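Descriptive analysis of the structure
Residue-level listing of the chains:
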Amino acid sequence: MTQRVSTGRLAGSVAVAAAALMVMAGCGGGSGDSGAQGGAPSGADAAPQTLNVFAAASLKDTFTTIEKQFEQENPGTDVTLTFAGSSDLATQINNGAPADVFASADDNNMKKVTDPGLTAAAPARFATNTLQIAVAPNNPKGITSLAQLADPANKVVVCAPQVPCGSAAQKVEKAAGVDVKPVSEEQDVKSVLSKVTSGNADAGLVYVTDVTAAKDAVQGVSFPDADKAVNNYPIAALKSSKNQELANKWVQAVTGPTGQQTLKAAGFGAP
Amino acid sequence: MSGSVGLSLQASLHRAGFSLEVALDVAPGEVLAVLGPNGAGKSTLLGILSGLLRPDSGHLRVGDRTLVDVAAGEFVPVHRRGVGLLAQQALLFPHLSATANVAFGPRARGVPRAEADERARELLAQVGVGELADRRPSQLSGGQQQRVALARALAPQPGLLLLDEPLAALDVDATPAMRTLLRRVIRDGKQTALLVTHDALDALVLADRVVVLSGGRIAEQGATRDVLARPRSSFSARIAGLDLIPGVASAGALRTADGVDIHGSSVEVADGEPAVAVFPPSAVSVHTERPSGSPRNVFRVRLAALEPRGDTVRLRAAAPDGAPAWVDGLAADVTPAAVAEMGVDPGDDVWFAVKAAEVAVHGTHT
Amino acid sequence: MTARTTVRHETGVGLPWWMWIPATIGFALIALPVFGLLLRADWAAMPSLLLSDSALDALRLSLITAAVSTFLCLLFGGPLAVILARARLEQRPRLLGAIRSIVLLPLVLPPVVGGLALLFLLGRTGLVGRGLDLAFGITVPFSTAAVILAQTFVAMPFLVVSLEGALRTAGERYEAVAATLGASPALAFRRVTVPLVLPGLASGLVLAFARCMGEFGATISFAGSLEGTTRTLPLLVYLQRESDESGAVALSLLLVVVSLVVIVVGRPRGMDGRG
């Protein structure tokens with residue numbers, strides 16, 4: 001990963017922004033549909049091969065590990081990882097963000113990219129994830145089942161139904177016949193987790209991998225109906241990539257044995 | 001109009017680089033002018049009187065009330081002093097009509113609205129803007145605003161009125177009328193007042209007495225005409241800067257004590273009233289022979305001194321034998337070339353001439 | 001074309017021609033994206049999108065919380081501005097400057113940071129929040145009160161800045177005149193100071209209200225997001241965008257309209273120009 005921003009890059013960014021402004025000022029009309037076209041992979045940095053990977057936020061730890069192995073096995077390669085919510089990433093890719101690979105946390109958001117035909121090949125599933133109840137260490141409220149989350153004495157935080165972890169939560173609630181009354185429906189799973197780790201909520205519905213990644217900060221409580229909502233993680237190289245070969249190599253690294261091992265260690269289920 | 005009261009002040013105030021040390025008295029109904037260069041302490045003096053500044057030591061009495069007595073720990077805040085202020089800027093409350101501005105003081109003292117409004121309208125009529133009573137300040141000219149401000153300052157019937165260069169910010173056109181109004185309202189109303197000004201004419205027309213401040217001390221004081229006609233400090237000489245001839249008004253002219261008529265244009269002064277004829281030294285021409293021709297005032301003088309002043313030379317006159325005393329101290333500004341051409345020296349007798357059009361005759365106090 | 005390079009001594013008599021170029025670009029930067037929203041909008045579906053329960057709930061919540069927060073800004077920020085502009089602390093001359101710097105902090109701080117700070121103070125495990133929870137069983141986060149606190153936090157500086165500016169511009173000369181006319185400090189404040197700074201106060205209130213309506217970061221990190229309780233319009237837009245872009249665009253336009261109404265209707269007409 002590159003940490004420093006070279007002056008060349010900075011100058012490039014300024015130039016792009018200025019150009020965008022000029023264009024906007026010049027042509028009033030048609031700027032509605034096309035977003036800033038091609039965020040300009042600023043300067044063809046000649047030296048090493050670079051790979052831009054857009055990945056769902058929940059993949060942060062695992063992909064960072066995989067990146068290190070990948071760069072060792074492919075000397076002269078510089079992988080840049082961008083983590084964000086899957087829908088944000090899908091929107092960015094659809095608006096011309098310079099990504100080579102996209103790894104989504106659900107099929108829905110991958111579909112947003114496959115529908116306009118932006119992927120180079122059909123997406124491959126590389127992991128699954130299920131929900132777990134996150135509670136404070138030592139489980140002070142003694143929460144052992146999903147049903148207890150319906151108790152108004154417990155402050156529960158879930159994801160909003162509009163995002164993948166929230167729709168998963170809805171599915172398991174329905175399957176278990178439980179109607180959770182959350183105090184907040186968060187935008188993403190990390191926000192749910194932080195509400196629990198900060199002690200502001202008693203329990204939250206998050207992915208198993210989030211509990212694993214949080215280490216001692218929270219404790220995970222499994223429940224029977226978790227398997228009613230299994231999240232699939234698809235990955236695909238993108239058509240716009242200037243280095244298809246390297247992009248495919250990354251996809252293989254993730255779906256291959258070492259990648260799978262890393263994912264499994266983090267709590268992901270097999271595809 | 002007001003319960004005319006006197007004022008007695010003795011105060012000192014010290015700040016970094018400046019100190020004020022004054023003692024002054026103003027009799028009931030008297031107008032005292034305070035003259036002085038910038039930084040002389042005029043504003044500080046006003047601040048102490050109005051209550052915006054607290055002196056380090058001393059006392060202030062207005063009428064029978066002690067407003068400040070530092071030793072006794074007495075300090076009456078601004079709003080309980082009954083000391084009015086008319087400043088250079090009218091500072092009318094922009095959100096209130098002229099009437100409401102004037103009624104503000106009485107209202108603040110608990111006068112019922114109808115009564116306060118009525119008094120305000122009377123005062124506005126008195127200062128000559130009765131027909132503008134409902135206007136907002138932004139709809140008034142500078143001169144009109146200052147009239148309203150005067151009415152407003154008078155409305156609470158202050159025991160003492162402070163005038164802080166009340167004419168300095170007005171248009172040249174509006175100044176004479178406002179000066180006349182102040183003279184009428186303040187002097188004829190026997191309003192005790194303290195007038196800070198830069199303008200010798202203001203002092204001359206409005207004040208009974210003058211105090212000249214310099215470096216925080218009183219440098220000179222006395223009857224207005226005396227101080228301005230025979231300035232003893234360099235400042236009062238400079239500020240006077242004008243030639244003055246005392247007398248009484250007489251059919252648009254001024255008649256001196258010895259019966260000489262000085263021709264000029266008079267400004268609201270009735271025949272027989274005490275007055276002065278005023279003109280700038282630059283309007284005086286100097287001749288070695290008695291000039292003749294167009295209507296002008298001509299005086300025979302003896303040159304006392306020649307003072308170079310930048311581009312001009314000021315010729316200062318003394319009275320020659322047998323000439324009236326008022327000639328003493330008159331000044332004329334001429335070019336160095338003219339002086340060289342005439343070849344005059346101190347001790348020579350010459351003629352000063354000034355056109356009637358350059359002479360203004362103002363009423364004064366006795 | 002003649003280039004007039006200096007206009008230093010004249011006011012309102014012509015501009016350097018080139019000024020129009022950056023000004024046009026600047027205007028386009030603001031106007032065109034909004035125009036883009038209009039192009040993107042699904043006008044046929046607009047009524048149903050805007051009249052959905054969640055949209056109406058969010059709009060109602062936004063208007064109510066913004067109004068309450070603006071009132072709190074006035075209640076507490078108003079006196080704060082007066083003190084910053086007028087107080088004389090002879091013993092501690094630096095104190096006011098220090099207070100001002102802190103009061104202005106939310107202007108430069110990312111709102112998310114403000115939200116986190118509020119959470120650490122008033123959250124269930126926070127400095128004050130723990131006490132509230134133990135003593136009264138009150139938990140602030142996830143409540144409408146938290147939304148109001150977050151909005152007040154970010155909006156108060158706007159009111160303080162404009163009001164303090166108005167107070168400084170007005171100066172104390174009018175109050176001094178009022179005092180010489182016999183008005184007590186309280187009366188002078190009511191009858192002179194307040195009317196004089198009314199335009200500045202009004203624009204401060206409008207700015208604060210607008211800031212409250214647009215508040216997102218501090219709210220989502222401190223108050224959470226729950227329909228009818230804490231999910232204000234901006235939070236709903238952000239969430240809606242995940243699943244339904246046209247819904248998000250419709251709600252965005254609603255926010256644009258509300259903001260325009262606030263700016264156009266609420267923008268103070270100076271009392272100084274005309275009566």
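These numbers were taken from a predicted model, which means no experiment stands behind them.

Observations regarding the overall build of chain C
- Of the regular secondary structure elements, chain C holds 13 helices and zero strands.
- When the helices and strands of chain C are read in sequence order from the N terminus, they spell out α-α-α-α-α-α-α-α-α-α-α-α-α.
- Seen through its principal axes, chain C has C-alpha atoms that stretch 70 × 65 × 30 Å.
- Going through the 275 residues of chain C one by one, you find that 38% of them count as buried.
- For chain C, contacts bridging at least 24 residues in sequence account for 72% of all contacts bridging at least 6.

Overview of the overall build of chain B
- When its secondary structure is counted, chain B shows nine helices and 22 strands.
- Against the globule reference of 21 Å for 366 residues, chain B gives a C-alpha radius of gyration of 23 Å, in line with a compact fold.
- Each principal axis of the C-alpha atoms in chain B carries an extent, and together these give about 70 × 50 × 35 Å.
- Going through the 366 residues of chain B one by one, you find that 44% of them count as buried.
- Pairs at least 24 apart in sequence give 65% of the contacts found in chain B among residues at least 6 apart.

Quick notes on the pairing of strand 7 (residues 83-86) of chain B
Residues and elements named next belong to chain B.
- Side chains of strand 7 alternate between two faces, with Val83 and Leu85 and Gly84 and Leu86 buried alike.
- Bridge analysis of strand 7 against strand 8 (residues 160-164) gives four bridges, and the strand direction is parallel. Along strand 8, the bridge assignment pairs glycine 84 with leucine 161.

Regarding the interface of chain C and chain A
- At the interface, 24 residues of chain C touch 20 residues of chain A.
- Elements represented by at least two residues in the side of chain C that touches chain A include exactly helix 1 (20-40) and helix 12 (233-243) of chain C.
- Of the residues forming the side of chain C that touches chain A, the biggest block, eight residues, is contributed by helix 1 of chain C.
- Counted by class, the side of chain C that touches chain A contains twelve nonpolar, nine polar and three charged residues.

Focus on the domain arrangement of chain B
- Annotation of chain B at the domain level lists domain 1 (7-241) and domain 2 (244-363).
- Taking the mean C-alpha position of each, domain 1 of chain B and domain 2 of chain B sit 33 Å from one another.

Things to note about the environment of threonine 219 of chain C
Residue and element names in this part refer to chain C.
- Residue position: threonine 219 is located in helix 11 (residues 217-222).
- When the 30 C-beta atoms within 10 Å are taken as the criterion, threonine 219 is described as buried.
- The contacts of threonine 219, once residues within four sequence positions are left out, are Gly115, Val147, Ala150, Gln151, Thr232 and Leu235.

Observations concerning the sheet that holds strand 10 (residues 231-237) of chain A
Residues and elements named next belong to chain A.
- Read across the open sheet, the five strands follow the order 2-1-3-10-4; overall the sheet is mixed. Lying at the two open borders of the sheet, with one neighbouring strand each, are strand 2 (77-84) and strand 4 (124-129). Shown here is a sheet whose adjacent strand axes are inclined to one another by a mean of 20 degrees, direction ignored.
- Strand direction decides the pairing type here: strand 1 (residues 49-56) and strand 2, joined by eight bridges, are parallel. What sits directly across from alanine 55, in strand 2, is phenylalanine 83.
- Against the sheet, helix 3 (residues 86-94) makes contact with strand 1, strand 2 and strand 3 (101-103), and its axis sits at roughly 135 degrees relative to strand 1, the strand it touches most.
- Helix-sheet contacts for helix 8 (residues 244-255) involve strand 1, strand 2, strand 3, strand 4 and strand 10, and the interaxial angle to strand 10 is about 155 degrees.

Comments concerning the arrangement of the chains
- Between chains A and C lies the most contact-rich interface of the two pairs of chains that touch.
- One finds no contact linking chain A with chain B; the least C-alpha distance across the pair is 41 Å.

Thresholds, definitions, all that
- Residues numbered from 1 in each chain as written.
- Chains lettered and ligands numbered in written order.
- Predicted model: local features only at pLDDT ≥ 70, side-chain atom pairs only at ≥ 80, totals over all residues.
- Helix = DSSP H or I, 4+ residues; strand = E, 2+ residues; numbered from the N terminus.
- Buried ≥ 20, exposed ≤ 12 C-beta atoms within 10 Å, placed from the backbone.
- Contact = placed C-beta atoms within 7 Å.
- Rg over C-alpha atoms; globule rule 2.2 N^0.38 Å.
- Pairing = 2+ DSSP bridges.
- Nonpolar A, V, L, I, M, F, W, Y, C, P; charged D, E, K, R; others polar.
- Domains from an automatic or database assignment.
- Axes fitted to C-alpha atoms, helices over the stretch in contact; angles between N-to-C directions.

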